[in-house]
Amino acid sequence: MSLQCGIVGLPNVGKSTLFNCLSNARAQSANFPFCTIEPNVGVIAVPDERLDVLAELVHPKRIVPTTVEIVDIAGLVKGASRGEGLGNKFLANIRETDAVLHVLRCFDDDNIVHVDGRIDPVGDKEIVDTELQIKDLETVAGRIAKVQKQAQTGGDKQAAQALSVLLAYKTALEQGRNARSVRFETKDEQRIAREMFLLTNKPVMYICNVDESSAATGNAYVEKVRAAIEGEDARLLVVAAGIESEIAELETVDERRLFLTEAGLEESGVNRLIKSAYELLSLETFLTAGPQEVRAWTYLKGSKAPQCAGVIHTDFEKGFIRAEVIKYADYVRYGSEAAVKEAGKMSVEGKEYTVCDGDIMHFRFNV
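Just so it is clear, the model here is predicted, and its values are computed rather than measured.

Cut-offs and rules
- Residues numbered from 1 in each chain as written.
- Predicted model: local features only at pLDDT ≥ 70, side-chain atom pairs only at ≥ 80, totals over all residues.
- Heavy atoms only, no water.
- Helix = DSSP H or I, 4+ residues; strand = E, 2+ residues; numbered from the N terminus.
- Buried < 20%, exposed > 50% of the residue type's maximum accessible area, 1.4 Å probe, protein only.
- Contact = heavy atoms within 4.5 Å.
- Areas by Shrake-Rupley, 256 points an atom, 1.4 Å probe, with all protein chains shown as cover.
- Salt bridge = Lys/Arg side-chain N within 4 Å of Asp/Glu carboxyl O.
- Axes fitted to C-alpha atoms, helices over the stretch in contact; angles between N-to-C directions.
- Parallel < 35°, antiparallel > 145°, perpendicular 65-115°, else oblique.
- Left-handed = near helix turned anticlockwise from the far one by under 90°.
- Pairing = 2+ DSSP bridges.
- Nonpolar A, V, L, I, M, F, W, Y, C, P; charged D, E, K, R; others polar.
- Phe/Tyr/Trp six-rings, centres within 6.5 Å; stacked < 30°, edge-to-face > 60°.
- Lys NZ or Arg CZ within 6 Å of the ring centre and 35° of its normal.
- Expected span 1.5 Å × (residues − 1).

*Asks:* Can you walk me through the overall build of the chain in this structure?
*Replies:* Counting its regular elements, the chain contains 14 helices and 12 strands. Across the 367 residues in the chain, those meeting the buried criterion constitute 48%. Restricting to contacts in the chain with at least 6 residues of sequence separation, those with at least 24 account for 70%. As presented, the chain carries roughly 18,100 Å² of accessible surface, and 48% of it is formed by carbon and sulfur atoms.

Here it is as structure tokens:
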């Protein structure tokens, strides 16, 4: 399942530094705008402690985590919607992603130049939002022109619904609000809204890049961002990219754990970011466990058992018969699949079963 989160933001806010911490792919990181010109893509393993626990019980030949794709996109500047800087490339790249990780500079450092000569994360957010809103407004206006006649004179019900959705978006965007702030009641309206693929309708997480002293507690800049996004359907994560760079250089798990403890952190910002990005994409994980491998599989939240079977192989979905399901907690409690079965804790589920995060699945199929 190839879903991508795009890292965006103004130049010199820490995007590429953060990307370098996330991925083995090393994006160029330098103290000037546009050092990342082509989007760098990192396929990154999603940390999941459950795999290690199951491996201790099953002793598989290999452990296979699930992954998420992160794309480092060139920095945006004011006027990007008119093609300023690398605006056209930026907007094209962000359109191809499924969710947005918007990095905001929340630290002071005279040695790192801000593109506008001041530290104002809320102002930075508004610059990016405005450029995306302008582009979305152009998209909406063009579509309104196409469906308006059909809706008003042709008696086309679908066109009328589409027009209603477009006008709602137009009003919001003209008011300086993102498309994701608009809520639709009916399933048809929600479907039409999704199919418009507006830039400001993508799920977003604001990543506040702070200095080392603020890594555990945040700072005044973070609180300003938190206040600015209140009521917006968005997440916020505090990360110190400088600390993450140092952690990435440490060779052993013990060294990293000691470093985190000294910094007052329970878990690295990179791990938290990857997990949050995974959730932002509405992804969950089911597991398989056996002597060959313990493996995590990615599926869209709310998927039924046959769809999840198809994640492993399309034949599994086509010939789906049933799914044998063990809850992770039960597997850990009883220590083996055989013990779980003996305790009567394995369930047999049909086509309508909605898979839950952490389910340990075995699919029966016939093709």
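From this point on, the discussion continues.
*Asks:* Help me understand the pattern of salt bridges, please; the structure alone is not making it clear to me.
*Replies:* When charged atoms on two side chains of opposite charge get close, those side chains can pair. For the structure shown, the criterion picks out 21 salt bridges. One salt bridge connects Arg-235 with Glu-279, and the closest N-O pair in it is separated by 3.0 Å. Remark: Glu-279 occurs in helix H10 (residues 269-280) and Arg-235 occurs in strand S7 (residues 234-239); sequence separation between them is 44 residues. For Arg-235, a relative accessible area of 34% translates into the label partly exposed. Judged by its relative accessible area of 44%, Glu-279 falls in the partly exposed class. With a closest N to O distance of 2.8 Å, Lys-327 and Asp-359 form a salt bridge. Of the two residues, Lys-327 sits in the loop between strand S10 (320-326) and helix H13 (328-334) while Asp-359 sits in the loop between strand S11 (347-349) and strand S12 (360-365), which places them 32 residues apart along the sequence. Overlapping salt bridges, with partners in common, bring together Lys-125, Asp-129, Arg-180 and Glu-232 in one network.

*Asks:* Explanation requested: the side chain of Asp-129 in the structure shown.
*Replies:* Tracing the chain through its elements places Asp-129 in helix H4 (residues 121-153). Among residues more than four places away in sequence, those in contact with Asp-129 are Asn-178, Thr-200 and Tyr-206.

*Asks:* How do you make sense of the packing of H4 against helix H5 (residues 157-174) when you look at a structure like this?
*Replies:* The angle between the axes and the distance between the axes are what describe a pair of packed helices. Close contact between H4 and H5 brings their axes to 9 Å; oriented N to C, the two are set at 150°. In terms of orientation, H4 lies roughly antiparallel with respect to H5. Once H4 is placed against H5, the crossing between them reads as left-handed. On H5, the residues touching Gln-133, Asp-136, Leu-137, Val-140, Arg-143, Ile-144, Val-147, Gln-148, Gln-150 and Ala-151 of H4 are Ala-159, Ala-160, Leu-163, Leu-166, Leu-167, Tyr-169, Lys-170, Leu-173 and Glu-174.

*Asks:* I keep staring at unusual backbone geometry and nothing clicks. Help me out?
*Replies:* In most cases, non-glycine residues show a negative phi, while peptide bonds are predominantly trans. Phi at Asn-12 is positive, roughly 65°, even though this residue is not glycine. Locating Asn-12 in the fold gives a position in the loop between strand S1 (4-8) and helix H1 (15-22). Judged by its relative accessible area of 15%, Asn-12 falls in the buried class. The phi torsion at His-59 lies on the positive side, around 55°, for a residue other than glycine. Secondary-structure assignment places His-59 in the loop between helix H2 (49-58) and strand S3 (62-64). On the accessibility criterion, His-59 (59% relative accessible area) is exposed.

*Asks:* What is the right way to look at the sheet that holds strand S6 (residues 204-209) in this model?
*Replies:* Pairing between sheet strands relies on hydrogen bonds along the backbone, with the strands arranged either parallel or antiparallel. Read from one edge to the other, the open sheet built from six strands follows the order S2-S4-S1-S5-S6-S7, with strand pairing classed as mixed. Strands with a single pairing partner mark the edges of an open sheet, and in this sheet they are strand S2 (40-45) and S7. Within this sheet the neighbouring strands show an average axis-to-axis angle of 25°, counted without direction. Pairing of strand S5 (residues 99-105) with S6, which is carried by six bridges, proceeds in the parallel orientation. Within the sheet, the bridge partner assigned to Leu-104 lies in S6 and is Cys-208. In the packing of helix H7 (residues 220-228) onto the sheet, the strands contacted are S5, S6 and S7, and the crossing angle to S7 comes to about 175°. Across the sheet, H10 touches S1, S2, strand S4 (67-72), S5, S6 and S7, and the angle it forms with S7 is around 170°.

*Asks:* What should I look at first to understand the packing of helix H8 (residues 241-249) against helix H9 (residues 253-262) in this one?
*Replies:* In the contact formed by H8 and H9, the axes pass within 9 Å of each other and the chain directions differ by 155°. Relative to H9, H8 is oriented roughly antiparallel. Between H8 and H9 the crossing geometry is right-handed. Contacts from Ile-243, Glu-246, Ile-247 and Ala-248 in H8 reach Arg-256, Phe-259 and Leu-260 in H9. Class assignment of the residues belonging to the contact of H8 with H9 gives a composition of five nonpolar, no polar and two charged.

*Asks:* Sorry if this is basic, but what is going on with the pairing of S5 here?
*Replies:* Here is the key point about a regular strand: its side chains alternate between the two faces of the sheet. By the criterion of burial, S5 is predominantly enclosed, with seven of the seven residues buried. What you see with S5 is no split at all: Ala-99, Leu-101, Val-103 and Arg-105 on one side and Val-100, His-102 and Leu-104 on the other are buried throughout. Taken together, the four bridges between S1 and S5 define a ladder with parallel strand orientation. Looking at S5, one finds that Val-8 is bridged to His-102.

*Asks:* Which parts of the structure should I look at to understand the packing of aromatic side chains?
*Replies:* Across all of its chains, the model carries six aromatic pairs by this definition. With centroids separated by 6.0 Å and ring planes inclined at 40°, the aromatic side chains of Phe-286 and Tyr-299 adopt a geometry described as tilted. Taken as a pair, Phe-286 in strand S8 (residues 283-289) and Tyr-299 in strand S9 (residues 293-300) lie far apart in primary sequence, 13 residues in all. Overall, the relative accessible area of 1% leaves Tyr-299 in the buried class. A connected cluster of aromatic rings, assembled from ring pairs, spans Phe-286, Trp-297, Tyr-299, Phe-320 and Phe-363. For Arg-295, the ring lying beneath its charged end belongs to Trp-297, and the centroid distance is 4.1 Å.

*Asks:* Just checking my understanding: could you explain H10 for this structure?
*Replies:* In an α-helix, one turn spans 3.6 residues; hence positions three or four apart end up facing the same way. The end-to-end C-alpha distance of H10, which contains 12 residues, comes to 16 Å, matching closely the 16 Å that a straight helix rising 1.5 Å per residue would cover. Burial in H10 covers these residues: Gly-269, Val-270, Leu-273, Ile-274, Ser-276, Ala-277, Tyr-278 and Leu-280.

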